[in-house]
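Below, each chain spelled out in residue letters.
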Amino acid sequence: MMSERLAALASGLFLSTAGILPQAVRRARRTFRGWYLAGVGALILAVSDVPFYWGLPIWNPVLRNAFNWSAGQMSLAYAFTQIQGGFLGPVQGFIVQKLGARRSIFIGMIIFGLGFVAFSRIQHLWHLYPTFVVLSLGSGLAAWYPVQTVVNNWFVRYKTRAMAVVAEGLAVGAIGIPLLLAWSIGGTDAATSERFGWRTTAFFIGMLSIALAFPLSRVMHNRPEDVGLRPDGDPSAPVVESQARTGGEQDYPGFTVQEALRARVFWLISIAFALSSTVTVVVLVHLGLMLDDRGFSLQTIGLVTAVYTGTTSAFILVGGYIGDRFNITIATFGFSALQSVAVVVLLLAHNTETVFLFAVLLGIGFGARQPLTMSLRGIYFGRRAFAAINGLSRVPSSIVLFVAPIFAGVVRDVTGTYDEALVSIAAVSFLGSCMYLLVGPPAKLPAGGSRPATA
């Protein structure tokens, strides 16, 4: 009797599954391919961005205790990545524009992986600086520039929501990876490491990035026209193969690089982004050192990082929803300003409860702001030269983000606390947030050429 019941149950489950699976397959086939590419882009960001930038609150206190480096010396290492971004950011944008996202992602992930392998072998402070530059170069080529370019090409009406999907991978990765780093390293004292230590952990990350470079890059298609589709999954006209090989960026609506540089809105968006991002960079570089100063353990630092990235993950979706339905510049101002409020809370955070309140507020502001700022350039400048314009627009932020972490580190070394630095950073970030209110509505994008849009 029992065997008959089990057989009947198994038969019912089989029939249910047999009915559900074909429906799921049909739904998957109807889903616009751009959403899958956004998901792959999210994974690429998690692999090629999070272990470095979002891992800094974990790496920095470990390195300080291992080598007795000061906060100012360590913040200079991050500042070198901003020098690289300022000089090579436009070059990276043009590389993505010319080579395409697929090749850029492959090359970038290889460079990023080699950077982490080199990071695992550093012995002196001067080793740290070029290593950080290599990691930043690899991350730029693999993650932000190509992934944003792909999403900008594949979406128009749903651009902010698609950018939210990409940013979600960054946030979800940033929830777990700092905790995994803290667990794998074992503690801030290298002499009493409980598990694998920071060198082995860094080496593993580098090899993982190298191993994933080919399969992840091969999935990406630069534009929907490459595969006979149109942005947002709109009905597509047939694309002639010979045209697909010869089409260029002039075929797409949007600004050229020269037109963007002459536009007031380009400089407003670029400077607003630069100033309002000072909170993010100072937190990334100095949060671990600051909480270590206040007596928090490495595991607590990792948990705080996970809380604000977890909150970020949730509010990325909120920002994606708001950006496609409401005034994007006002929304960007509001969530950027909330980051300044979070920094004021951090200034007062000397107990666990207040630290976690800071983490939640920062997560809300930074999370919702991410897809908004990611889609702004696409909305205002279009597809025509997006990668190149995106790279050039990072120059002002590279300058500001070069100064901000050094300033915070010097203040810490001179005064013994981060208090004065936090007040200044909150004020500068709020000023940048207010500049979004001056941007105004987007102008009508210049039309592209007459040839069919292709790769």
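Everything that follows concerns the structure shown earlier in this document.
Owing to the predicted nature of the structure, the values given are computational and were not obtained by experimental measurement.

Conventions we followed
- Residues numbered from 1 in each chain as written.
- Predicted model: local features only at pLDDT ≥ 70, side-chain atom pairs only at ≥ 80, totals over all residues.
- Heavy atoms only, no water.
- Salt bridge = Lys/Arg side-chain N within 4 Å of Asp/Glu carboxyl O.
- Helix = DSSP H or I, 4+ residues; strand = E, 2+ residues; numbered from the N terminus.
- Buried < 20%, exposed > 50% of the residue type's maximum accessible area, 1.4 Å probe, protein only.
- Expected span 1.5 Å × (residues − 1).
- Contact = heavy atoms within 4.5 Å.

Undergrad: Explain the pattern of salt bridges residue by residue, including any values.
TA: A side chain with one charge may pair with a side chain of the opposite charge, provided their charged atoms come close. Counted under the stated rule, the structure contains three salt bridges. The shortest N-O distance in the salt bridge between R64 and D292 comes to 2.8 Å. Of this pair, R64 sits in helix 4 (residues 56-67) while D292 sits in helix 13 (residues 278-293); the two residues are 228 residues apart in sequence, bridging distant segments of the chain. The residue R412 makes a salt bridge to D293 at a minimum N-O spacing of 2.6 Å. Here D293 lies in helix 13 and R412 lies in helix 17 (residues 386-415), a separation of 119 residues in the sequence. For D293, a relative accessible area of 36% translates into the label partly exposed. One continuous salt-bridge network, built from bridges that share partners, spans R64, D292, D293 and R412.

Undergrad: Describe helix 12 (residues 264-276), listing the residues and the values that go with them.
TA: Taking 1.5 Å as the rise per residue, helix 12 with 13 residues should run 18 Å; its terminal C-alpha atoms sit 18 Å apart, in good agreement. The buried fraction of helix 12 is high, at ten of 13 residues. Burial in helix 12 covers these residues: V265, F266, L268, I269, S270, A272, F273, A274, L275 and S276. Buried residues along helix 12 sit against helix 11 (257-261), helix 13, helix 15 (328-347), helix 16 (352-381), helix 17 and helix 18 (419-435).

Undergrad: Mind laying out unusual backbone geometry, listing which residues take part and the relevant values?
TA: Unusually for a residue other than glycine, N68 sits at a positive phi of about 60°. Among the structural elements, N68 can be located in the loop between helix 4 and helix 5 (71-99). Residue class for N68 comes out exposed when judged on its relative accessible area of 68%.

Undergrad: Mind laying out the side chain of S340, listing which residues take part and the relevant values?
TA: Secondary-structure assignment places S340 in helix 15. Residues in contact with S340, not counting those within four places in the same chain, are A426, S429 and F430.

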